[in-house]
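Given next are the chains, with one letter for each unit.
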Amino acid sequence: MITITINGKEIKLEKAMTVLEAARSAGIKIPTLCYHEQLEKYGGCRLCLVEVEKMPRLQTSCTLMVTDGMVVRTETEAIADVRRGILEFLLINHPLDCPYCDKAGECELQDLVEKYGPTTSRFREKKRKVTENLQDPVIVRNMERCVMCTRCTRMCEGVQGASAIAVISRGGHSHIEPFSGNRYDCEYCGNCVSVCPVGAIMSRLHRHSYRPWQVKENIETTCPYCGVGCTLVAQVRDDVIKRVVPKIGSPVNNGMLCSRGRFGYEFVGHKERLTVPLIKKAGVFEEATWEEAIGLVAKRLGEARDKHGSGAIAGIASPRCTNEDNYVFQKFMRVTLGTNNIDSTARMGYAGAQAFIENIFGQGATGNIISGLSNSDTVLVIGGDPTTVNPILGLQIRACSRRGGTILTVGHVPGLQHFTPMELKPGRRQETLLLECVVTALVSRKGLPGSNQRLEEKIKVVNADIATVAGQCGLHEKEMTDFIDSLAGAGTPAVVIGKELVQACNSGYRLFLACAISYLINGRIYLLCDHANEQGVLDMGCAPDLLPGYRPLSYAEFRKRYETAWKTTLPEKNGLNIFDMIAAAGSGALKAMYVMGENPVFNLPDSKTTVAALQKLEFLVVQDIFMTETARLADVVLPALSWGEKYGTFTNMERRIQRVRKTVGREGMEDWRIVAEISKHMSVRMHYADSGSVFEEITKVSPLHRDLTYDEIAEGATIYPYKGEPLRGATEEIRTDRGMTCPEGGLFLGIDRPLFHSGTLSRMSPALGKICPDAVLRINPETAATLLVADGDIVRVSTATGSLELPAVLDKHADRSVVLVSNIFEGRGVLGLMAAALDPVLGSPVLDTIPATVERVGKAKV
Amino acid sequence: MITFSQTTIKEIEEIRRKYPTSRAALLPALYVAQREFGWLSPEAYTAVSDLLGVPEAIARGVGTFYAMYRNKPLGRHVVQLCTNVSCMILGAERLVDFLKNKYGLEPGGTTADGRFSLVIMECIGACGTAPAMLVNDDFYENLTEKYIDEILEKYR
């Protein structure tokens, strides 16, 4: 116990900390500028100077550690004098343009000067003039206002890990530069914006549109973008989200946000949002009343059911919708329509991979705490770049490296390149072999732990020795043994598995090998997750083989439980998955489809086939917030409320359940309410007053979500398995078949997963559009040279399914045998060109075996 | 796009090996780049940061902090003349005027033909033999107007 006295108040401390932290813990305010709780201590601004007895001069309390018996004074005339002097210096070059500056009202400099003075300046020299810099798409810099606290550079380098900005020049000429916007420099996270104490670095999105004190509400909600589920605070004025800010101390992201979370909120009030129901008459959409539209949907779905049977109807749920929406949707499909034909785009990889992993390790195996990554001593990354798919999770890996942890990657991970990873870069088709070799070597080094016999029997079969594999992969034996040694020596390892593994050739077998590695080193598995509620959509039973609570439908006792709760009889057989649905629609077996918050035409492989299949349906209803490619094919389009306009919950990749809150008002209905209304028209009443009562039902019927309440979720007490029962004992044979033979040689099409977009929502966000406006073709410079393609040239990329014309961008991070295109922008999505086979084990599409040709069709614009 | 010559790449890689981290090798590497390209242009920073694997912002921050890196293009030969106390007492200021009048060389400026740039220095440690100057890396002391003429003649 350490006892110190601050301003005559005795404070007892359990552990060592700085004088500043001790003071704050006791509610004593010490002014600061350069100090920020998220950042490394700096001691630069000198405003936190305090008097300490027996120390000769004033001390910076932010860097001074407490000692027992220390006596500190924080507010004396002498200290105030010094602070006034420091502020006078800071104001020499400050423009004092508070009436015009957006920061006024929440400016730390303004507050300090207001408290300590000076009221006038003794400096008569001319002030430094720097014009406001608007070159950046989302950030405005005004370096006249900068006080050189370096919070932004410490954030960028020490926490975000982007190192995109630095103090340039020296002394009075110092300023912060550059927001370079290269692929792996500025990540547009805007975390510099949140730590800037003055108006030097601010968001352009709300520029001059409101004052901080005009914010009516600060609404805490969960980010709608990726599976990390960051807490964010929406600041609202006049029913418009003016700004999104992070919350320090929030469990997932602790004050950090990425570009999508911070700048991607404008889709909520977008002018292209659907507002009224639309009914297609003679090929043209006409506006309709809710009564008409819902009546028509109920009638047509009912007819389809009665005429063709329940099996002729299918529903697609949404990983962007809340748990409540998805629960009601699957209940509607199962109870009202009587079919298990329900699935979502989680089938693109996440669902199959998770089921595979859970079959080996048990339910909840992927539900590991994201912030725990930074405390691991070793992180193995396989299958993609976590820093772009799940940026905030990526930060934890960077933090792990900074804390001395070892980062191991299979393949090149550009977002971790400055974090001294140990990379093994086999050829694209040799990854399987390499993983086999790692498994074999780990077994010989560490032996089999003996705790999972089923898995060990499969592991024993794997056999590949280092010398041979090194030769085949073109690697040095030494780098491989170093890599394997690091893995074998890991104490608290984590294995991060990305989509490039899950959607690859032999993905089922590769995932088995990744699981084997994780088992042998006793690692925690993190399965990267694209969408905010991808886990929730599965946990809510929006899968052809799952009931709510992630209960397999094939078990009669689970079916019985829900039959009792829902007072119905459930079809025993598993339904069609999303790919079967498209095939069944194409063959004419499926007659009607209900799509909620999803865009299968764009988000499933091979758009031509999907379009043809959907056009064959007798009836298609699409419920969405925008007129998507799929909605255009619909007979009825129902406008739903978006993420920002409704209450509910999301379940993130850790399986943490978090609240989504209404931020702005809008006329219309939540997805679940529309579904319930349709159900009511079909004489199956669903009584829900609000999202809370939907959730209440979930907690009553789902053994996993038992007894949870919104209040508990708000407190953050929602870590898996909550208070419920995870599934135990339901296991199947672990499959290790390889599936298809992987084609060698030639050029293949791949998916570019940019940091700034996620597709459906992000392409409707003007700010993200400014950062990354359009699709490009990323190509390795060497490959480009052989095709005589220069940077910026317009190229046509073609597959057996179709072609796209795009500008080429030379990217040294790209593999030589792959060209990458994103799946974000309308009419220029890569998935549409990929007629993919499905992996027989995971059931996810194999997306790395699509041969592509690239030809130059136009010169770069100069 | 500017690129390093193969010899320079080798030299920088050699430098890199002497230091525990890439960032530690930044100062000497930037110095090599400056020698190679004449000054540290934005492209030079890119080249160095690519070669060392150091973020460009960090390279720029370092290169703009230290006075001996040139962040704007200079003439073919850089004259660095000291005007600190000893040199001043022994007539360095007259030499500044001399350079201005005879060669059109202003402090901080470059001659019209791009042959010389003049940088005024604060003490180059030659007080005993003042006034003194550097031309590129060559050191000259006990300067007079006539001697300067002779020296500059050597640099075309």
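Residues numbered from 1 in each chain as written. Chains lettered and ligands numbered in written order. Predicted model: local features only at pLDDT ≥ 70, side-chain atom pairs only at ≥ 80, totals over all residues. Heavy atoms only, no water.

A few words now on the interface of chain A and chain B. Listed per partner, the contact involves 15 residues of chain A and 14 residues of chain B. Here chain A and chain B share an interface that buries about 1,000 Å² over both sides, 54% of which is from carbon and sulfur atoms. In this structure, the salt-bridge partner of Glu157 of chain A is Arg23 of chain B, at a minimum N-O distance of 2.1 Å. The biggest single contributor to the side of chain A that touches chain B is strand β7 (residues 166-168) of chain A, with 3 residues. Here the residues of the side of chain A that touches chain B are counted per class, giving 6 nonpolar, 4 polar and 5 charged. (Contact = heavy atoms within 4.5 Å. Buried area = accessible area lost by both parts, 1.4 Å probe. Salt bridge = Lys/Arg side-chain N within 4 Å of Asp/Glu carboxyl O. Helix = DSSP H or I, 4+ residues; strand = E, 2+ residues; numbered from the N terminus. Nonpolar A, V, L, I, M, F, W, Y, C, P; charged D, E, K, R; others polar.)

What follows is about the environment of Leu96 of chain A. Residue and element names in this part refer to chain A. One can find Leu96 in the loop between α2 (77-90) and α3 (108-116). The exposure class assigned to Leu96 is partly exposed, which follows from its relative accessible area of 49%. The spatial distance from the C-alpha of Leu96 to the C-alpha of Gln235 is 26 Å, given a sequence separation of 139 residues. Residues in contact with Leu96, not counting those within four places in the same chain, are Leu91 and Lys127. (Buried < 20%, exposed > 50% of the residue type's maximum accessible area, 1.4 Å probe, protein only.)

To continue, consider the state of the cysteines. All names here are of chain A. Within the structure shown, the criterion is met by 1 disulfide over all chains. Shown here is the disulfide that connects Cys505 with Cys742, its sulfur atoms set 2.2 Å apart. Residues Cys505 and Cys742 share a disulfide whose torsion about the S-S bond is about -95°; that sign makes it left-handed. One end of the pair, Cys505, is in the loop between α16 (499-502) and α17 (507-520); the other, Cys742, is in the loop between α25 (710-715) and β29 (748-752), and 237 residues separate them in sequence. (Disulfide = S-S within 2.5 Å.)

Residues and elements named next belong to chain A. When the domains of chain A are assigned, the result is domain 1 (2-90), domain 2 (120-267), domain 3 (278-344 + 542-646 + 666-702), domain 4 (350-527) and domain 5 (748-858). Placing the centre of domain 2 and that of domain 5 at their C-alpha centroids yields a distance of 31 Å. Taken together, the 16 residues of domain 2 in the interface contact 18 residues of domain 5. With both chains or domains summed, domain 2 and domain 5 bury close to 1,400 Å², and 68% of this area falls on carbon and sulfur atoms. If you look at where domain 2 meets domain 5, you find 0 salt bridges. Taken together, domain 2 and domain 5 are joined by 2 residue pairs in polar contact (both at pLDDT 80 or more). Its residues assigned to classes, the side of domain 2 that touches domain 5 shows 10 nonpolar, 2 polar and 4 charged. (Domains from an automatic or database assignment. Polar contact = N/O pair within 3.5 Å; in protein donor to acceptor, adjacent residues only side chain to side chain.)

The subject of this paragraph is unusual backbone geometry. Residue Pro721 of chain A is bonded to the preceding Tyr720 of chain A through a cis peptide linkage, with omega at 5°. With respect to the helices and strands, the residue Pro721 of chain A is situated in the loop between α25 and β29. Along the chain, Ala130 of chain B connects to Pro131 of chain B via a cis peptide bond; the corresponding omega equals -10°. You will see that Asp239 of chain A, though not glycine, has its phi angle at about 60°, which is positive. With relative accessibility at 47%, the residue Asp239 of chain A sits in the partly exposed group. Here Tyr550 of chain A, not a glycine, exhibits a phi torsion of approximately 60°, which is positive. In this fold, Tyr550 of chain A is placed in the loop between β22 (546-547) and β23 (551-552).

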